[in-house]
Protein chains: 2
Amino acid sequence: MSTPTEHVPTDQGALEANSRFYEALERGDLTAMVALWAHSDDVLCAHPGRQPLRGWDRVGASWQAIFANGGNPQVIVTDECLTRHGPVAWITLTENLLSGGQAGAATALNLFVHSVDGWHMVGHHAAPVLL
Amino acid sequence: MSTPTEHVPTDQGALEANSRFYEALERGDLTAMVALWAHSDDVLCAHPGRQPLRGWDRVGASWQAIFANGGNPQVIVTDECLTRHGPVAWITLTENLLSGGQAGAATALNLFVHSVDGWHMVGHHAAPVLL
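If you're wondering where the values come from, they're calculated on a predicted model, not measured in any experiment.

**Student:** Would you take a moment to explain the sheet that holds strand β3 (residues 74-85) of chain A for this structure?
**Tutor:** All names here are of chain A. Read from one edge to the other, the open sheet built from six strands follows the order β2-β1-β6-β5-β4-β3, with strand pairing classed as mixed. Both outer strands of the open sheet, β2 (53-54) and β3, are each paired with one neighbouring strand and no more. Of the pairings in the sheet, the one linking strand β4 (residues 88-99) to strand β5 (residues 102-115) comprises twelve bridges and is antiparallel in character. What sits directly across from Glu 95, in β5, is Ala 106. Contacting β3, β4, β5 and β6 (118-128), helix α1 (residues 11-27) crosses the sheet at an angle of about 155 degrees to β3.

As structure tokens, this is what we get:
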């Protein structure tokens, strides 16, 4: 469903796109993840502790593999902080993760670009918090 | 020194700003680091394994503390990849780090914004590569 915030780039629209990312992650919803991401060669995704993947083919395949293996954790997002320059927005936050009885935290920088059909994710850079 | 690439936002100018970051890091050059960063409340810096710092006051203080403790590693940058949307650019890369006889790797996402006085760093998000 299209909402008014999708037609022009707003802070609220970018925050809603960010929420859709974590909803898709928690549900293991590949369809929603595919709809959220831009399908371009220069998207990037660094899963915590891993080398970054570049390009939608690799990024999409990684989500497919993660969800196929039941890798959809419970995520409580804290310290969400948005910066927007026109049609480009990034959001930093802490991911408090619960998966298979294990708890951990990562800090993430999520990048979004607005186009005619709304905000799409172009980058997810997650870093394990070790200290 | 001002260069032609500093007056308009170009890929090359953003890449040069990124190089200045690693030169300052390797030399432990606080003056160069201070000149490179935007001094705004919404800059962010996540050192590898740490929670992100937000705002120039905290980010600048962290570089001062790191350099005061001799924390300037040798860094070999590989897999540099730039994306630019007008005056906003981000560069992902691998930092191959050598410090005190220890070697390690981190993946970084560096964010830059172009203004009238050239490109400034607004974000550095580093993630240790564990796997």
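After presenting the structure, the write-up continues.
**Student:** Looking at this structure, I do not really get the pairing of strand β3 (residues 74-85) of chain B. What am I missing?
**Tutor:** Look at any regular strand and the pattern is simple: side chains alternate between the two faces of the sheet. All names here are of chain B. As paired strands, β3 and strand β4 (residues 88-99) are joined by ten bridges and run antiparallel to one another. Bridged to Ile 76 within β4 is Asn 96. Connecting β3 to the next strand, β4, in antiparallel fashion are two residues, including Gly 86 with a positive phi near 60 degrees.

**Student:** Explain the relation of the copies chain A and chain B here, please?
**Tutor:** Two copies of a chain can be linked by a rotation about an axis combined with a shift along that same axis. When chain A is fitted to chain B, the best match, at an RMSD of 0.0 Å, comes from turning it 180 degrees and sliding it 0.0 Å along the axis. Interpreted geometrically, this transformation is the action of a two-fold axis. Across chain A, the rotation axis passes nearest the C-alpha of Ala 127 of chain A, at a separation of 2.2 Å. Of all interface residues in chain A, 100% are interface residues in chain B too; the two copies therefore contact each other through one and the same surface.

**Student:** Looking at this model, I keep getting lost on empty space enclosed by the protein. Mind explaining?
**Tutor:** Sizing a probe to match a water molecule and rolling it over the atoms shows the empty space that remains. Residues and elements named next belong to chain A. Across all of its chains, the model carries one cavity of 30 Å³ or more by this definition. Roughly 30 Å³ of internal volume is contained in the largest cavity. Residue assignment for the lining of the largest cavity shows that the elements contributing at least two residues are β3 and β4. The residue inventory of the lining of the largest cavity, partitioned by class, reads four nonpolar, two polar and two charged.

What counts as what
Residues numbered from 1 in each chain as written. Chains lettered and ligands numbered in written order. Predicted model: local features only at pLDDT ≥ 70, side-chain atom pairs only at ≥ 80, totals over all residues. Heavy atoms only, no water. Pairing = 2+ DSSP bridges. Helix = DSSP H or I, 4+ residues; strand = E, 2+ residues; numbered from the N terminus. Contact = heavy atoms within 4.5 Å. Axes fitted to C-alpha atoms, helices over the stretch in contact; angles between N-to-C directions. Least-squares fit on C-alpha atoms with pLDDT ≥ 70 in both. 1 Å grid on protein atoms, 1.4 Å probe; cavity = no way out; pocket = protein on both sides within 12 Å on 5 of 7 lines; lining within 4 Å. Points joined across faces, edges and corners; volume = space filled by probe spheres on them. Nonpolar A, V, L, I, M, F, W, Y, C, P; charged D, E, K, R; others polar.

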